[in-house]
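Residue-level structural notes
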Amino acid sequence: WIERSEDTTVEATVLSNTRGSGIYAEDSSSGIDVTDSSFNSIADYGLLCDNISDITISNTSFSEIGIAGVYSAACEVEISDAEFSGLTGTPVNASGGTLALVNSTISENDGSGATFSDATVIVTGNSITNNGQYGLECENTALTCSGNDLSSNALGETKNCSCDP
């Protein structure tokens, strides 16, 4: 649990086998940096943030997570070079705020690859394939896409999103 802190670093860490969330951060915390880590076998959320600026997730893997790998509620998040596979929930979910998803792989998950609502989102250079629902789902989202491989998602590549691969 990270609350009202600044400049928190999680590096080369394995977060696994928990009934709740791997990391839960809220209330104006800032400067969270997660690198070279692994989130697996987590019942709820790998990383859940609520109203936080400057979150960076890089070179990190997410697997066997119940609700969402990364859930962002009105946060500023950048995810790069991450891997999401084997999740029963949604790998990346942003509700409000801003999110950049760059050079990451989202595949073989039960739900949609990523869902966005009321957010500003950039999706660049990702492989989003073979998910159980859509590749990307949007609602009232300003979405910028380029250089992605969106293919073989069970219900289609996008829902309510305008995204040229």
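For the structure, check the block above.
This report concerns the structure included in the present document. Small disclaimer: the values here were computed from a predicted structure and weren't measured. (Residues numbered from 1 in each chain as written. Predicted model: local features only at pLDDT ≥ 70, side-chain atom pairs only at ≥ 80, totals over all residues. Heavy atoms only, no water.)

Quick notes on the nonpolar core
Among the nonpolar cores identified, the biggest contains 40 residues, and I79, F116, L136 and L143 are the most heavily contacted of them. Filtering out sequence-adjacent residues up to four positions away, I79 remains in contact with I57, V70, F84, V92, L99, A100, L101, V102 and S104. (Core = buried A, V, L, I, M, F, W, Y, C linked by side-chain atoms within 4.5 Å. Buried < 20%, exposed > 50% of the residue type's maximum accessible area, 1.4 Å probe, protein only. Contact = heavy atoms within 4.5 Å.)

Considerations on the sheet that holds strand β6 (residues 38-42)
Whether parallel or antiparallel, the strands of a sheet pair through hydrogen bonds between backbone atoms. If you trace the 7 strands from one edge of the open sheet to the other, you get β3-β6-β9-β12-β15-β18-β21, paired in parallel fashion. Edge strands, defined here as strands with exactly one partner in the open sheet, are β3 (14-18) and β21 (149-151). For this sheet, the mean inter-axis angle between neighbouring strands, taken without regard to orientation, is 5°. Direction of pairing for strand β9 (residues 61-65) relative to strand β12 (residues 83-85): parallel, over a ladder of 3 bridges. Within β12, the residue paired with S61 across the bridge is E83. (Pairing = 2+ DSSP bridges. Helix = DSSP H or I, 4+ residues; strand = E, 2+ residues; numbered from the N terminus. Axes fitted to C-alpha atoms, helices over the stretch in contact; angles between N-to-C directions.)

Details of the packing of aromatic side chains
Inspection of the entire model under this criterion finds 3 aromatic pairs. Seen in terms of ring centroids, Y45 and Y71 are 5.7 Å apart; in terms of plane orientation they differ by 55°. Their pairing is tilted. One end of the pair, Y45, is in strand β7 (residues 45-50); the other, Y71, is in strand β10 (residues 68-73), with 26 residues separating them in the sequence. Taking the centre distance of 4.6 Å and the plane angle of 5° together, the rings of F62 and F84 count as stacked. Of this pair, F62 sits in strand β9 while F84 sits in strand β12, placing them 22 residues apart in sequence. Look at F62 and you get buried, because its relative accessible area is 1%. One aromatic cluster is present, built from ring pairs that chain together F39, F62 and F84. (Phe/Tyr/Trp six-rings, centres within 6.5 Å; stacked < 30°, edge-to-face > 60°.)

Observations regarding the side chain of T35
Note on placement: T35 falls in strand β5 (residues 30-35). For T35, a relative accessible area of 14% translates into the label buried.

Considerations on the environment of G86
Within the secondary structure, G86 is located in the loop between β12 and β13 (90-95). On a C-alpha basis, the gap between G86 and F62 in space is 8.2 Å, while along the polypeptide they are 24 residues apart. Beyond its immediate sequence surroundings of up to four residues, G86 is in contact with S63, E64, I65, S107, E108 and N109.

What about unusual backbone geometry?
Located in the positive-phi region is D36, a residue other than glycine, with phi close to 50°. One non-glycine residue with positive phi stands out, namely S152, at about 60°. Structurally, S152 can be placed in the loop between β21 and β22 (156-159).

A look at the pairing of strand β11 (residues 76-80)
Sheet analysis places strand β8 (residues 53-58) next to β11, joined by 4 bridges and oriented parallel. By the bridge assignment, S58 is partnered in β11 with S80.

Looking at the pairing of strand β16 (residues 114-117)
A regular strand places its side chains so that they alternate between the two faces of the sheet. Alternating positions in β16 separate into two faces, A114 and F116 on one and T115 and S117 on the other, with burial throughout. Strand direction decides the pairing type here: β13 and β16, joined by 4 bridges, are parallel. Paired with A94 across the bridge in β16 is F116.

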